[in-house]
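As a plain string of letters, each chain reads:
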Amino acid sequence: MIVLKTSRELICMQKACRISAGALKLIGESVKSGISTGELDRIAEDYIRSQGAVPNFKGYSGYPATACISINNEVIHGIPSNKRILKDGDIVSVDLGAAYEGYNGDNAATFAVGEISDEAKRLIDATRESLYEGIKAARAGGRIGDIGNAIQRYVEERGFSVVREFVGHGIGTKLHEAPEVPNYGTAGKGIRLMPGMTIAIEPMVNSGLPGVKTLSDGWTVQTVDGSLSAHFEHTVAITTDGPEILTVV
Ligand code: MF3
Ligand code: CO
């Protein structure tokens, strides 16, 4: 069931999303060679709690941390650890959210650690821009396939590939609500986009093959071919005035 949000609920969503975006920004500023992903996770959790919110990934399907932190060939759901130390040349994808007064925010970004390769820079830029292409396509009266099609075209034109096994999602009083929001598809297909829908759009893009595998820890998802992967996500409201990005500081 797709839950349409009232304007009062959108204000609640805005608050949760602003805290989520603040935590992600803080992590981006904290990323540096020598820091552990466990330390980054604590920084995110402390910030979210300091804002009177709760980390909404923690305990979700048994997930053990505030953030998912995935390095290089890891696509998503990397579990933070004091033993995972960032080093120069890494790219690090951070996905996190906050719940505030019962409403959820969710966002992600991939950051560079020090100087990274040109290929890694191109991948990060393409993934970030593909998210904005998807957001532009999230218009009332359009269809869910418009979003995925815009993302997929942008990514594939640049020689990269879109992960199929994981998708974006509706979001509201639950972290994951209907509908699914694939990062690939056909324009004009799928459910109709309506004002009041709040969705998390989150392209996961690989520099090589699109395939992924989940490790034996039950969470960490890696590219099948060892290629690099990037991930960007915003929570977006569909309004009569167009798409509104809620995960802004
Ligand atoms: N961040 C994921 C998403 O964007 C959800 C993470 S699953 C969790 O939908 F268990 F880690 F929370
Ligand atoms: Co999400």
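Cut-offs used in this document
Residues numbered from 1 in each chain as written. Chains lettered and ligands numbered in written order. Predicted model: local features only at pLDDT ≥ 70, side-chain atom pairs only at ≥ 80, totals over all residues. Heavy atoms only, no water. Helix = DSSP H or I, 4+ residues; strand = E, 2+ residues; numbered from the N terminus. Rg over C-alpha atoms; globule rule 2.2 N^0.38 Å. Buried < 20%, exposed > 50% of the residue type's maximum accessible area, 1.4 Å probe, protein only. Contact = heavy atoms within 4.5 Å. Donors = N, O, S within 2.8 Å, 3.2 Å for Na, K, Ca; no water. Tetrahedral: all angles 85-135°; square planar, octahedral: opposite > 155°, others 65-115°. Pairing = 2+ DSSP bridges. Axes fitted to C-alpha atoms, helices over the stretch in contact; angles between N-to-C directions. Parallel < 35°, antiparallel > 145°, perpendicular 65-115°, else oblique. Left-handed = near helix turned anticlockwise from the far one by under 90°. Nonpolar A, V, L, I, M, F, W, Y, C, P; charged D, E, K, R; others polar. Core = buried A, V, L, I, M, F, W, Y, C linked by side-chain atoms within 4.5 Å. Near = heavy atom within 4 Å. Polar contact = N/O pair within 3.5 Å; in protein donor to acceptor, adjacent residues only side chain to side chain. Areas by Shrake-Rupley, 256 points an atom, 1.4 Å probe, with all protein chains shown as cover.

Turning our attention to the overall build of the protein. Tallying secondary structure elements over the protein gives 4 helices and 17 strands in all. Computed over the C-alpha atoms, the radius of gyration of the protein is 17 Å, within 12% of the 18 Å expected from 2.2 N^0.38 for a compact globule of 249 residues. Considering only C-alpha atoms, the protein reaches an extent of 45 × 45 × 30 Å along its principal axes. The burial tally for the protein puts 55% of its 249 residues in the buried class. For the protein, restricting intrachain contacts to residue pairs at least 6 apart in sequence, the fraction spanning at least 24 positions comes to 70%.

Moving on: the coordination of the cobalt ion (ligand 2). The protein atoms that coordinate the cobalt ion (ligand 2) are Asp106 (OD), His169 (NE2), Glu202 (OE) and Glu233 (OE), at distances of 2.0 to 2.3 Å. One can describe the donor arrangement at the cobalt ion (ligand 2) as irregular, given that its 6 donor atoms subtend angles of 53 to 175° at the metal. Between the donor residues of the cobalt ion (ligand 2), the gaps in sequence give the motif D-x62-H-x32-E-x30-E. Within this pair, whereas His169 is found in strand S9 (residues 168-170), its partner Glu233 is found in the loop between strand S15 (229-231) and strand S16 (234-239), the two being separated by 64 residues in sequence. We note that His169, like Glu233, is buried.

This part takes up the sheet that holds strand S2 (residues 67-71). Strand order in the open sheet formed by 3 strands is S2-S4-S7, with antiparallel pairing between adjacent strands. Where the open sheet ends on each side, the last strands, each with one partner, are S2 and strand S7 (107-112). In this sheet, neighbouring strand axes are inclined to one another by 15° on average, regardless of whether the strands run parallel or antiparallel. In the sheet, S2 pairs with strand S4 (residues 91-96) via 5 bridges, with the strands oriented antiparallel. Across the sheet, Ile71 pairs through a bridge with Val92, a residue of S4. Here helix H1 (residues 7-30) sits on the sheet in contact with S4 and S7, set at roughly 10° to S7. Each of S2 and S4 touches helix H2 (residues 37-50); the most contacted strand, S2, lies at about 150° to it.

Moving on, we come to the packing of helix H3 (residues 118-136) against helix H4 (residues 144-157). Helix-helix packing is described using two parameters, namely the angle between the two axes and the distance between the axes. Following both chains from N to C, one finds H3 and H4 inclined at 150°, their axes separated by 8 Å at the closest point. Judged by the inter-axis angle, H3 sits roughly antiparallel to H4. Between H3 and H4 the crossing geometry is right-handed. Side by side, H3 and H4 meet where Ala126, Glu129, Ser130, Glu133 and Gly134 of the first sit next to Ile147, Ala150, Ile151, Tyr154 and Val155 of the second. In terms of residue class, the contact of H3 with H4 is made up of 6 nonpolar, 2 polar and 2 charged.

Within the largest apolar cluster, 49 residues are counted, with the highest numbers of intra-cluster contacts made by Val92, Val94, Ile147 and Ile201. What Ile147 contacts, discounting residues up to four positions off in sequence, is Gly134, Ala137, Ala138, Val181, Leu193, Ile199 and Ile201. Ala65, Tyr103, Ala200 and Leu246 belong to the second-largest nonpolar core, a separate cluster that totals 14 residues.

Of all 5 residues that make up S2, 5 are buried, and the element is covered over most of its length. Residues Ala67, Ile69 and Ile71 point to one face of S2 and Cys68 and Ser70 to the other, with burial holding for every one of them.

Attention now goes to the site of ligand 1. The environment of ligand 1 is formed by Phe57, Tyr60, Tyr63, Cys68, His77, Asp95, Asp106, His169, His176, Glu202, Trp219 and Glu233. Between ligand 1 and Glu233 there is a distance of 3.2 Å, counted from an oxygen atom to a side-chain nitrogen or oxygen. For ligand 1, the protein covers 95% of the area, taking 330 Å² as the surface of the free molecule.

These values are about where atoms sit, not about what they do.
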